[in-house]
Amino acid sequence: MKPYTDCGPCVLKWIYERLANPLNEAERFEVLKEVMSVLSRDLGPSINLGALCNRSLEAVEEFFPASAAGYQEFKLKCNEAASRLLDDARDFIEKAKTRRDRIAKACGLASLGNVAPIGAPSAPFEFSHVEDVIRGESPLPLISGNPSEAVSRAHHVLYVADNAGEIGFDSLLISLLKEWGLTVTLIVKEDPFFDDATMKDALYFHLDRIADAILSVNKIFVPGDAAPDLAKAFSKSDLVISKGTGNCEALFAEGGGKTTVFLLKAKCRPISEQLAVDEGKFIVKVAN
(Lines give C-alpha, C1' and ligand atoms only; values in the text may rest on other atoms or scores of the structure.)
Protein backbone atom coordinates (compact mmCIF):
# COMPACT_ATOMS: atom_id res chain seq x y z
CA MET A 1 0.00 0.00 0.00
CA LYS A 2 1.24 3.49 -0.82
CA PRO A 3 1.09 6.25 1.82
CA TYR A 4 -1.49 8.97 2.13
CA THR A 5 -0.42 12.29 3.62
CA ASP A 6 -2.30 11.20 6.78
CA CYS A 7 0.22 8.40 7.21
CA GLY A 8 3.21 10.57 8.13
CA PRO A 9 1.78 11.96 11.39
CA CYS A 10 0.26 8.56 12.16
CA VAL A 11 3.60 6.73 11.87
CA LEU A 12 5.21 9.29 14.17
CA LYS A 13 2.39 9.00 16.71
CA TRP A 14 2.31 5.19 16.55
CA ILE A 15 6.02 4.86 17.30
CA TYR A 16 6.33 7.71 19.80
CA GLU A 17 3.41 6.60 21.98
CA ARG A 18 4.75 3.05 22.18
CA LEU A 19 8.25 4.14 23.18
CA ALA A 20 7.81 7.33 25.18
CA ASN A 21 6.63 6.12 28.60
CA PRO A 22 9.87 4.61 30.00
CA LEU A 23 12.16 7.20 28.37
CA ASN A 24 13.47 10.42 29.85
CA GLU A 25 12.75 13.75 28.19
CA ALA A 26 16.03 13.85 26.26
CA GLU A 27 15.39 10.36 24.85
CA ARG A 28 11.86 11.30 23.86
CA PHE A 29 13.20 14.22 21.87
CA GLU A 30 15.67 11.86 20.23
CA VAL A 31 12.86 9.49 19.18
CA LEU A 32 10.87 12.35 17.68
CA LYS A 33 13.90 13.74 15.84
CA GLU A 34 14.99 10.37 14.41
CA VAL A 35 11.52 9.37 13.18
CA MET A 36 10.85 12.82 11.73
CA SER A 37 14.20 12.65 9.94
CA VAL A 38 13.21 9.39 8.24
CA LEU A 39 9.79 10.74 7.32
CA SER A 40 11.32 13.94 5.96
CA ARG A 41 13.70 11.95 3.79
CA ASP A 42 11.59 8.98 2.68
CA LEU A 43 7.87 9.81 2.91
CA GLY A 44 6.44 10.02 -0.57
CA PRO A 45 3.62 8.66 -2.71
CA SER A 46 5.56 5.72 -4.17
CA ILE A 47 7.15 4.03 -1.12
CA ASN A 48 5.66 0.90 0.43
CA LEU A 49 4.06 2.07 3.66
CA GLY A 50 5.28 -0.98 5.56
CA ALA A 51 8.84 -0.28 4.41
CA LEU A 52 8.50 3.33 5.56
CA CYS A 53 7.37 2.16 9.00
CA ASN A 54 10.33 -0.23 9.16
CA ARG A 55 12.83 2.50 8.31
CA SER A 56 11.31 4.65 11.04
CA LEU A 57 11.49 1.78 13.53
CA GLU A 58 15.10 1.00 12.64
CA ALA A 59 16.05 4.60 13.42
CA VAL A 60 14.95 4.17 17.06
CA GLU A 61 15.39 0.45 17.70
CA GLU A 62 17.93 1.16 20.47
CA PHE A 63 14.96 2.26 22.61
CA PHE A 64 12.92 -0.94 22.08
CA PRO A 65 14.23 -2.83 25.14
CA ALA A 66 13.11 -0.02 27.45
CA SER A 67 9.51 -0.47 26.30
CA ALA A 68 9.49 -4.27 26.53
CA ALA A 69 8.87 -4.69 30.26
CA GLY A 70 5.75 -2.55 30.16
CA TYR A 71 4.20 -4.75 27.50
CA GLN A 72 4.77 -8.19 29.02
CA GLU A 73 1.97 -8.09 31.60
CA PHE A 74 -0.28 -6.30 29.11
CA LYS A 75 0.20 -9.02 26.48
CA LEU A 76 -0.39 -11.80 28.99
CA LYS A 77 -3.71 -10.22 30.00
CA CYS A 78 -4.70 -9.95 26.33
CA ASN A 79 -3.89 -13.64 25.81
CA GLU A 80 -5.89 -14.58 28.89
CA ALA A 81 -8.88 -12.55 27.70
CA ALA A 82 -8.87 -14.29 24.32
CA SER A 83 -8.30 -17.71 25.87
CA ARG A 84 -11.48 -17.40 27.92
CA LEU A 85 -13.50 -17.13 24.71
CA LEU A 86 -11.84 -19.82 22.60
CA ASP A 87 -14.05 -22.78 23.54
CA ASP A 88 -17.21 -20.86 22.71
CA ALA A 89 -15.63 -19.45 19.56
CA ARG A 90 -14.59 -22.95 18.44
CA ASP A 91 -18.15 -24.24 19.03
CA PHE A 92 -19.53 -21.31 17.04
CA ILE A 93 -17.35 -22.24 14.07
CA GLU A 94 -18.02 -25.97 14.30
CA LYS A 95 -21.79 -25.48 14.26
CA ALA A 96 -21.62 -24.16 10.71
CA LYS A 97 -23.21 -26.65 8.30
CA THR A 98 -21.00 -26.04 5.28
CA ARG A 99 -17.29 -25.59 4.64
CA ARG A 100 -18.00 -22.14 3.19
CA ASP A 101 -19.77 -21.08 6.39
CA ARG A 102 -17.04 -22.49 8.63
CA ILE A 103 -14.31 -20.54 6.88
CA ALA A 104 -16.50 -17.42 6.92
CA LYS A 105 -17.02 -17.75 10.66
CA ALA A 106 -13.34 -18.45 11.38
CA CYS A 107 -12.19 -15.52 9.24
CA GLY A 108 -14.85 -13.29 10.76
CA LEU A 109 -13.82 -14.03 14.34
CA ALA A 110 -10.15 -13.53 13.47
CA SER A 111 -11.03 -10.15 11.96
CA LEU A 112 -13.08 -9.16 15.01
CA GLY A 113 -10.08 -9.85 17.21
CA ASN A 114 -8.22 -6.97 15.58
CA VAL A 115 -9.16 -4.39 18.20
CA ALA A 116 -5.75 -2.86 18.96
CA PRO A 117 -5.85 0.94 18.73
CA ILE A 118 -3.53 2.81 16.39
CA GLY A 119 -2.28 4.79 19.39
CA ALA A 120 -0.57 3.18 22.35
CA PRO A 121 -2.81 0.74 24.26
CA SER A 122 -3.92 1.98 27.66
CA ALA A 123 -5.61 -1.24 28.87
CA PRO A 124 -5.62 -4.89 27.82
CA PHE A 125 -7.57 -5.59 24.67
CA GLU A 126 -11.17 -6.68 25.12
CA PHE A 127 -12.93 -8.88 22.61
CA SER A 128 -16.53 -7.82 23.09
CA HIS A 129 -17.19 -7.90 19.33
CA VAL A 130 -16.25 -11.59 19.28
CA GLU A 131 -18.52 -12.24 22.27
CA ASP A 132 -21.45 -10.48 20.62
CA VAL A 133 -21.14 -12.56 17.45
CA ILE A 134 -20.78 -15.96 19.11
CA ARG A 135 -23.81 -15.14 21.29
CA GLY A 136 -25.85 -14.28 18.20
CA GLU A 137 -26.19 -10.62 19.20
CA SER A 138 -24.26 -9.19 16.21
CA PRO A 139 -23.53 -10.32 12.64
CA LEU A 140 -20.17 -11.37 11.30
CA PRO A 141 -18.06 -8.65 9.64
CA LEU A 142 -18.44 -7.72 6.00
CA ILE A 143 -16.93 -10.37 3.72
CA SER A 144 -15.68 -9.04 0.39
CA GLY A 145 -14.79 -11.84 -2.00
CA ASN A 146 -14.89 -15.58 -1.35
CA PRO A 147 -12.42 -16.80 1.31
CA SER A 148 -13.70 -20.38 0.98
CA GLU A 149 -12.82 -20.43 -2.71
CA ALA A 150 -9.42 -18.90 -1.99
CA VAL A 151 -8.71 -21.59 0.58
CA SER A 152 -9.95 -24.40 -1.67
CA ARG A 153 -7.40 -23.43 -4.34
CA ALA A 154 -4.49 -23.15 -1.92
CA HIS A 155 -1.84 -25.60 -0.74
CA HIS A 156 0.67 -23.44 1.14
CA VAL A 157 -0.60 -20.61 3.37
CA LEU A 158 1.54 -17.83 4.79
CA TYR A 159 -0.26 -16.41 7.83
CA VAL A 160 1.08 -13.03 9.01
CA ALA A 161 -0.02 -12.45 12.61
CA ASP A 162 -0.59 -9.11 14.29
CA ASN A 163 -1.16 -8.66 18.02
CA ALA A 164 -1.05 -10.65 21.22
CA GLY A 165 -4.45 -11.81 22.37
CA GLU A 166 -6.02 -11.85 18.94
CA ILE A 167 -3.55 -14.51 17.84
CA GLY A 168 -5.76 -16.87 19.84
CA PHE A 169 -8.53 -16.40 17.28
CA ASP A 170 -5.96 -16.83 14.52
CA SER A 171 -5.23 -20.25 16.02
CA LEU A 172 -8.82 -21.34 15.32
CA LEU A 173 -8.56 -20.35 11.66
CA ILE A 174 -5.16 -22.01 11.34
CA SER A 175 -6.54 -25.19 12.91
CA LEU A 176 -9.29 -25.21 10.30
CA LEU A 177 -6.79 -24.77 7.47
CA LYS A 178 -4.74 -27.67 8.83
CA GLU A 179 -7.87 -29.82 9.16
CA TRP A 180 -8.40 -29.31 5.43
CA GLY A 181 -4.88 -30.43 4.60
CA LEU A 182 -3.12 -27.12 3.95
CA THR A 183 0.46 -26.35 4.95
CA VAL A 184 0.60 -23.24 7.14
CA THR A 185 3.63 -21.09 7.96
CA LEU A 186 2.99 -18.49 10.64
CA ILE A 187 4.94 -15.23 10.91
CA VAL A 188 5.21 -13.47 14.27
CA LYS A 189 7.42 -10.65 15.54
CA GLU A 190 10.71 -11.00 17.36
CA ASP A 191 10.86 -9.71 20.92
CA PRO A 192 10.76 -6.93 21.89
CA PHE A 193 8.01 -5.54 19.69
CA PHE A 194 5.33 -3.58 21.55
CA ASP A 195 1.91 -5.31 21.68
CA ASP A 196 2.56 -7.52 18.64
CA ALA A 197 2.41 -11.31 18.88
CA THR A 198 5.80 -12.97 19.30
CA MET A 199 6.87 -16.60 19.62
CA LYS A 200 5.91 -16.51 23.30
CA ASP A 201 2.33 -15.58 22.38
CA ALA A 202 2.20 -18.23 19.66
CA LEU A 203 3.32 -20.85 22.19
CA TYR A 204 0.67 -19.65 24.66
CA PHE A 205 -1.95 -20.83 22.16
CA HIS A 206 0.00 -24.00 21.22
CA LEU A 207 0.51 -22.84 17.66
CA ASP A 208 3.78 -24.75 17.58
CA ARG A 209 1.59 -27.87 17.55
CA ILE A 210 -0.79 -26.52 14.92
CA ALA A 211 1.19 -24.61 12.29
CA ASP A 212 3.81 -26.40 10.20
CA ALA A 213 6.38 -23.69 10.90
CA ILE A 214 6.65 -20.45 12.85
CA LEU A 215 9.06 -17.78 11.63
CA SER A 216 9.93 -14.46 13.24
CA VAL A 217 10.51 -11.04 11.73
CA ASN A 218 12.09 -8.14 13.61
CA LYS A 219 9.92 -5.50 11.93
CA ILE A 220 6.80 -5.42 9.75
CA PHE A 221 6.89 -8.18 7.13
CA VAL A 222 7.59 -6.64 3.72
CA PRO A 223 8.23 -9.37 1.11
CA GLY A 224 10.73 -7.36 -0.91
CA ASP A 225 12.85 -6.62 2.17
CA ALA A 226 12.50 -9.97 3.92
CA ALA A 227 15.25 -12.24 5.21
CA PRO A 228 15.94 -15.33 3.07
CA ASP A 229 13.81 -17.77 5.11
CA LEU A 230 10.87 -15.37 5.10
CA ALA A 231 11.27 -14.56 1.42
CA LYS A 232 11.32 -18.30 0.66
CA ALA A 233 8.14 -18.89 2.66
CA PHE A 234 6.41 -16.04 0.85
CA SER A 235 7.56 -17.30 -2.55
CA LYS A 236 6.33 -20.83 -1.81
CA SER A 237 2.91 -19.71 -0.58
CA ASP A 238 -0.12 -19.57 -2.84
CA LEU A 239 -2.32 -17.88 -0.25
CA VAL A 240 -1.42 -15.13 2.21
CA ILE A 241 -3.56 -14.30 5.23
CA SER A 242 -2.76 -10.85 6.59
CA LYS A 243 -3.90 -9.67 10.03
CA GLY A 244 -4.16 -6.06 11.11
CA THR A 245 -3.34 -2.56 9.94
CA GLY A 246 0.45 -2.74 9.68
CA ASN A 247 0.42 -5.92 7.61
CA CYS A 248 -2.30 -4.53 5.37
CA GLU A 249 -0.18 -1.43 4.79
CA ALA A 250 2.76 -3.61 3.79
CA LEU A 251 0.87 -6.14 1.65
CA PHE A 252 -2.20 -4.52 0.10
CA ALA A 253 -1.70 -4.19 -3.68
CA GLU A 254 1.92 -5.30 -3.11
CA GLY A 255 1.54 -9.07 -2.97
CA GLY A 256 2.94 -9.87 -6.41
CA GLY A 257 -0.39 -11.23 -7.61
CA LYS A 258 -0.81 -13.71 -4.74
CA THR A 259 -4.30 -14.14 -3.39
CA THR A 260 -4.39 -12.44 0.01
CA VAL A 261 -7.10 -12.47 2.66
CA PHE A 262 -7.03 -9.32 4.80
CA LEU A 263 -8.56 -9.58 8.27
CA LEU A 264 -8.80 -6.33 10.20
CA LYS A 265 -10.69 -3.32 11.44
CA ALA A 266 -10.46 -0.30 9.14
CA LYS A 267 -9.13 2.09 11.79
CA CYS A 268 -8.26 5.05 9.57
CA ARG A 269 -9.29 6.82 6.37
CA PRO A 270 -6.51 5.45 4.14
CA ILE A 271 -7.27 1.84 5.05
CA SER A 272 -11.02 2.32 4.72
CA GLU A 273 -10.61 3.84 1.27
CA GLN A 274 -8.21 1.14 0.11
CA LEU A 275 -10.50 -1.65 1.31
CA ALA A 276 -13.73 0.11 0.27
CA VAL A 277 -15.29 -0.20 3.72
CA ASP A 278 -16.57 2.39 6.17
CA GLU A 279 -14.01 3.60 8.68
CA GLY A 280 -14.37 1.74 11.97
CA LYS A 281 -15.80 -1.42 10.41
CA PHE A 282 -14.31 -4.91 10.54
CA ILE A 283 -13.75 -6.65 7.23
CA VAL A 284 -12.65 -9.90 5.61
CA LYS A 285 -11.37 -8.96 2.17
CA VAL A 286 -10.02 -11.28 -0.51
CA ALA A 287 -7.69 -9.55 -2.97
CA ASN A 288 -5.06 -10.41 -5.57
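Not measured: the values here are computed from a predicted model.

Summarising burial for strand β6 (residues 259-265): six of the seven residues are buried, a large majority. For strand β5 (residues 239-243) and β6, the ladder comprises five bridges, and the chain directions are parallel. What sits directly across from Lys243, in β6, is Leu263. The handedness of the β5 to β6 crossover, carried by helix α12 (residues 244-251), is right-handed. Judged from the six bridges that link them, β6 and strand β7 (residues 282-287) form a sheet pairing that is antiparallel. Residue pairing for β7: Leu263 is matched across the bridge by Val284.

Approximately 410 Å³ is the volume found for the largest pocket. Among the elements that line the lining of the largest pocket, the one with the most residues is helix α1 (residues 7-19), at five residues. Among the residues making up the lining of the largest pocket, the classes are represented as 13 nonpolar, four polar and nine charged.

Turning next to the pattern of salt bridges. This structure, assessed with the given rule, holds 19 salt bridges. Put simply, Glu17 and Lys13 hold a salt bridge, and the shortest N to O gap is 3.3 Å. Placement of both Glu17 and Lys13 in helix α1 is noted, with a separation of four residues, approximately one turn of the helix. Each member of the salt-bridge network shares a partner with another, and the members are Asp6, Arg269 and Glu273.

The next subject is helix α9 (residues 167-179). Between its first and last C-alpha, α9 extends 18 Å over 13 residues, near the 18 Å set by a 1.5 Å rise per residue. Burial within α9 is extensive, with ten of its 13 residues counted as buried. Taken residue by residue, α9 has Ile167, Gly168, Phe169, Asp170, Ser171, Leu172, Leu173, Ile174, Leu176 and Leu177 as its buried positions. Immediately downstream of α9, the backbone of Gly181 shows phi near 90°, a positive value.

Moving on to the side chain of Asn79. Of note, Asn79 is situated in helix α4 (residues 64-83). Here Asp201 takes part through its side chain, which lies 2.9 Å from a polar atom of the side chain of Asn79. Those residues within four positions of Asn79 in sequence are excluded, and the remaining contacts are Ala164, Gly165, Ile167, Asp201, Tyr204 and Phe205.

How each quantity is defined
Each chain has its residues counted from 1, following the order in which its sequence is written. Local features in this predicted model are restricted to residues whose pLDDT is 70 or higher, and side-chain atom pairs enter the listing and the counts only when it is 80 or higher, whereas totals over whole chains, interfaces and linings include all residues. Side-chain calculation: all heavy atoms of the structure are included, whereas hydrogens and water are not. Each residue is placed in one exposure class: buried if its accessible area under a 1.4 Å probe, protein chains only, is under 20% of its type's maximum, exposed if it is over 50%, and partly exposed if it falls in between. Under the DSSP-based scheme used, a helix requires at least four consecutive residues in state H or I and a strand at least two consecutive residues in state E, with every element numbered from the N terminus. Any two strands with at least two DSSP bridges between them are considered paired. With strands facing away from the observer, any crossover in which the path from the first strand over the helix to the second runs clockwise is taken as right-handed. Definitions used throughout: a 1 Å grid over protein atoms alone; a cavity as a set of points that fits a 1.4 Å probe which cannot get out; a pocket as an open set with protein on both sides within 12 Å along at least five of seven lines; a lining residue as one with an atom within 4 Å of a point. Grid points are joined across faces, edges and corners, and a volume is the space filled by probe spheres set on the points. When residues are grouped by polarity, Ala, Val, Leu, Ile, Met, Phe, Trp, Tyr, Cys and Pro land in nonpolar, Asp, Glu, Lys and Arg in charged, and all others, Gly among them, in polar. We define a salt bridge as a contact between a side-chain nitrogen of Lys or Arg and a carboxyl oxygen of Asp or Glu at a distance within 4 Å. Here a helix's expected span is defined as the number of its residues, less one, multiplied by 1.5 Å. In protein, a polar contact means a hydrogen-donor-capable atom and an acceptor-capable atom, both N or O and within 3.5 Å, with residues adjacent in sequence counting only if both atoms are side-chain atoms; elsewhere, any N or O pair within 3.5 Å suffices. Should any heavy atoms of two residues lie within 4.5 Å, those residues are counted as being in contact.

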